[in-house]
Amino acid sequence: MAVGAGAVALAAGGLLLWPSVPEADGRALYLDNCASCHGAALEGQPDWRRPGPSGRLPAPPHDASGHTWHHPDRVLREIVRRGSAAVVGQGYESDMPGFEGILTDAEIDAILDYIKSTWPDRERSFQSRVTEADGG
């Protein structure tokens, strides 16, 4: 029997609660929601540092070659929720949509945990310090 997000099951002697999104689902959520732009291997789009024909930057990689690990968790969550343009402001344009109402906070965190799990120790440690300095 498949059990969905936030499921409750009866077990001998009481209720058994699952987390709403198991950590293992972070990769699946990434592949379903992010990989079409950021790549199945987190490699980003070609020439991601140069604006494309639309004048917008292509999707950056989320592996260690990109800059995702430079940002604290709070900023990464907001980018996923509201989209890059909404977070950067000042007329910045981006093809990165917001996923608010599509992904739950737990799903966003699972995706970010998956991305971070692929980074080498140096990048993970740096991002952890940036997050801590940001208050979180």
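Given the structure is predicted, the values throughout are model-derived calculations rather than measurements.

Draft legend 1. Layout of the packing of helix H3 (residues 73-82) against helix H5 (residues 105-117). Where H3 meets H5, the axes come as close as 10 Å, and the angle between the chain directions of the two elements is 120°. Compared by their axis directions, H3 and H5 come out oblique. Considering how the two elements wind past one another, H3 and H5 form a crossing that is right-handed. The residues of H5 that touch H3, namely those facing Asp73, Leu76, Arg77, Val80 and Arg81, are Asp105, Ile108, Asp109, Leu112 and Lys116. Across the contact of H3 with H5, the residue classes break down as four nonpolar, no polar and six charged.

Draft legend 2. Molecular detail of a nonpolar patch on the surface. On the surface, Leu57, Val88 and Tyr92 cluster together into a nonpolar patch covering about 240 Å² of accessible area. Topologically, Val88 is positioned in helix H4 (residues 84-88). Under the relative-accessibility criterion, Val88 is labelled partly exposed at 48%.

Draft legend 3. Region of the structure containing the side chain of Ser94. Relative to the helices and strands, Ser94 resides in the loop between H4 and H5. A distance of 2.9 Å separates the side chain of Ser94 from the backbone nitrogen of Met96, its partner in a polar contact. Every residue in contact with Ser94, bar those within four places of it in the chain, is listed here: Arg56, Ser84 and Ala85.

Draft legend 4. The packing of aromatic side chains, seen in detail. Using the criterion set out here, one finds two aromatic pairs in the structure. Where Tyr30 meets Tyr114, the ring centres are 5.7 Å apart and the plane angle is 50°; that geometry is what we call tilted. Taken together, the residues span a long stretch of sequence, with Tyr30 in helix H1 (residues 25-33) and Tyr114 in helix H5 at a distance of 84 residues. Look at Tyr114 and you get buried, because its relative accessible area is 14%. Aromatic pair Trp69 and Phe126: ring centres 5.3 Å apart, planes at 85°, arrangement edge-to-face. Separated by 57 residues along the polypeptide, Trp69 in the loop between helix H2 (35-38) and H3 and Phe126 in helix H6 (residues 121-133) bring together distant segments of the chain. Its relative accessible area of 31% is what places Phe126 among the partly exposed residues.

Draft legend 5. Region of interest: the nonpolar core. In terms of nonpolar packing, the biggest core is built from 17 residues, with Tyr30, Leu103, Ile111 and Ile115 touching the most fellow members. When residues of this core are traced back to their parent elements, those giving at least two are H1, H3 and H5. Per element, the largest residue contribution to this core is six residues, and it comes from H5. The residues touching Tyr30, leaving out its near neighbours within four places in the chain, are Ala35, His38, Gly39, Ala40, Leu42, His62, Ile111, Tyr114 and Ile115.

Draft legend 6. Just the confidence of the model for the protein, in detail. On average, residues of the protein score 87 in pLDDT, and 82% of them reach the 70 mark or higher. A low-confidence stretch, residues 1-20 (pLDDT under 50), is modelled with 17 contacts involving residues beyond four sequence positions or located in other chains.

Draft legend 7. Looking closely at the environment of Asp121. Its location among the elements puts Asp121 in helix H6. Among the polar contacts made by the side chain of Asp121, one reaches the side chain of Arg124 at a distance of 2.4 Å.

Cut-off values and rules
Residues numbered from 1 in each chain as written. Predicted model: local features only at pLDDT ≥ 70, side-chain atom pairs only at ≥ 80, totals over all residues. Heavy atoms only, no water. Axes fitted to C-alpha atoms, helices over the stretch in contact; angles between N-to-C directions. Helix = DSSP H or I, 4+ residues; strand = E, 2+ residues; numbered from the N terminus. Parallel < 35°, antiparallel > 145°, perpendicular 65-115°, else oblique. Left-handed = near helix turned anticlockwise from the far one by under 90°. Contact = heavy atoms within 4.5 Å. Nonpolar A, V, L, I, M, F, W, Y, C, P; charged D, E, K, R; others polar. Patch = residues over 30% accessible without salt bridge, like charges linked within 9 Å, V, L, I, M, F, W, Y side chains within 5 Å. Areas by Shrake-Rupley, 256 points an atom, 1.4 Å probe, with all protein chains shown as cover. Salt bridge = Lys/Arg side-chain N within 4 Å of Asp/Glu carboxyl O. Buried < 20%, exposed > 50% of the residue type's maximum accessible area, 1.4 Å probe, protein only. Polar contact = N/O pair within 3.5 Å; in protein donor to acceptor, adjacent residues only side chain to side chain. Phe/Tyr/Trp six-rings, centres within 6.5 Å; stacked < 30°, edge-to-face > 60°. Core = buried A, V, L, I, M, F, W, Y, C linked by side-chain atoms within 4.5 Å. pLDDT = per-residue confidence, 0-100.

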